[in-house]
Structure formats: C-alpha cells, structure tokens
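Survey of secondary and tertiary structure
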Amino acid sequence: MPYQDDVFGCPVDVGVHMISGKWKPRILYELFQQTRRFGELYRQIPEVSRQVLTAQLRELEEGGIVRRTVYSTVPPKVEYSLTEFGKSLEPILEQLLKAGEQYISFQKEKQ
C-alpha cells in the first residue's frame, strides 16, 4: 500500500500541489535566478496578469516557499526571494526544465 500521511494524504500529491498553478514553476524559476521585485517578476512573465501573479506569490508565501520582504521606504519596496525550503526545490525545477527541453526537441523532430 502506498504511503499515506494521516493528515495530508499522499506526499506526491502534496509535492505537486505545492508548485501547481499555471505560473508557480515560472515564478520559482525566476526567483532561482535572483531576488526580484514584483514589477521585475511581472516584466519577466508578461503573459501573467498582475492579479494572478499576486495570488500565486501569496500561495507560495503561505506555503513557506517564497519570502516577501517589505522595506519601509517611500515608495514602499517589496522583494520576493526563496526561503531555504524554496531553494531545496531547485533540483526538481531543473529536472522539469530538462524534461521540457527534451520534449520540445522530440516534438520538433516529429514535424
């Protein structure tokens, strides 16, 4: 019988849920490069709306993956970075990147 946590269920489902969302993997990819302000993230991912980017960042923050740092300046400055736990997800994202590249290559060869 597969491992089931009494509270959360299957750890694989939990792991997928942590980074599921159309833009979460892309947000994480950008934050692996460097700490970013909201506007920088928005420019790096032009396909996402401000509302959705805000919601996805909040979910990542609530999950302990992303840290939101507010600086008391005028105008206010807010930066997003990865927590230590968030940084631990880098190998997973790297594997997704490689798998995506291989899939793209495979699809191009079929054409």
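Just above, that's the structure.
Residues numbered from 1 in each chain as written. Predicted model: local features only at pLDDT ≥ 70, side-chain atom pairs only at ≥ 80, totals over all residues. Heavy atoms only, no water.

**Observations regarding the sheet that holds strand β3 (residues 77-82)**
Through backbone hydrogen bonds, the strands of a sheet pair up, either in parallel or in antiparallel fashion. Formally: Pairing between strands is defined by DSSP: at least two bridges between them are needed. Only DSSP runs of H or I with at least four residues qualify as helices, and only runs of E with at least two residues qualify as strands; both kinds are numbered from the N terminus onward. Contacts were defined at the residue level, with two residues in contact if any of their heavy atoms lie within 4.5 Å. Note on definitions: angles span 0 to 180 degrees between N-to-C directions of axes, and those axes are lines fitted to C-alpha atoms, for helices only across the stretch in contact.
What the three strands build is an open sheet, ordered β1-β3-β2; its pairing is antiparallel. The open sheet has two edge strands with one neighbour each: β1 (36-37) and β2 (66-71). Along the sheet face, helix α2 (residues 24-33) touches β1, β2 and β3 and points at about 95° away from the line of β3.

**Considerations on the packing of aromatic side chains**
Inclusion rule: In this analysis, rings of Phe, Tyr and Trp, with Trp reduced to its six-membered ring, are considered paired at centre separations within 6.5 Å, and the interplanar angle assigns stacked below 30 degrees, edge-to-face beyond 60, and tilted for intermediate values. Lysine and arginine charges are scored as sitting over a ring when NZ or CZ, respectively, is within 6 Å of the ring centre and within 35 degrees of the ring normal.
Under the definition given, this model contains one aromatic pair. Ring centres of F38 and Y42 lie 6.4 Å apart, and the angle between their planes is 10°; on these two criteria the pair is classed as stacked. In this pair, F38 and Y42 are both assigned in helix α3 (residues 38-44), four residues apart and thus about one turn of the helix distant. One cation-aromatic arrangement involves R50 over Y42; the distance from NZ or CZ to the ring centre is 4.3 Å.

**Some remarks on the nonpolar core**
Note the following rule: Residue types Ala, Val, Leu, Ile, Met, Phe, Trp, Tyr and Cys, when buried and joined through side-chain atoms within 4.5 Å, form a set referred to as a nonpolar core. Relative accessibility under 20% of the residue-type maximum defines a buried residue, over 50% an exposed one, and the middle range a partly exposed one, all with a 1.4 Å probe and only protein chains included.
Among the nonpolar cores identified, the biggest contains 20 residues, and I27, L28, L31, L53, L57, V66 and Y80 are the most heavily contacted of them. Elements that contribute at least two residues to this core include exactly α2, α3, α4 (50-62) and β3. No other element matches the four residues that α2 contributes to this core. Dropping the residues within four chain positions of it, L31 is found in contact with R36, L41, V66, Y80, S81 and L82.

**Some words on the packing of α2 against α4**
Operational definition: If an angle is under 35 degrees, it is roughly parallel; if it is over 145, roughly antiparallel; if it lies from 65 to 115, roughly perpendicular; otherwise it is oblique. Residue polarity follows a fixed list, in which Ala, Val, Leu, Ile, Met, Phe, Trp, Tyr, Cys and Pro are nonpolar, Asp, Glu, Lys and Arg are charged, and the others, Gly among them, are polar.
Where α2 contacts α4, the two axes come as close as 10 Å, and the packing angle between them is 75°. When the axis of α2 is compared with that of α4, the two are roughly perpendicular. Residues K24, I27 and L28 of α2 lie in contact with α4, whose contacting residues are L53, Q56, L57, E59 and L60. Broken down by class, the residue content of the contact of α2 with α4 amounts to five nonpolar, one polar and two charged.

Geometric values such as these leave the question of function open.
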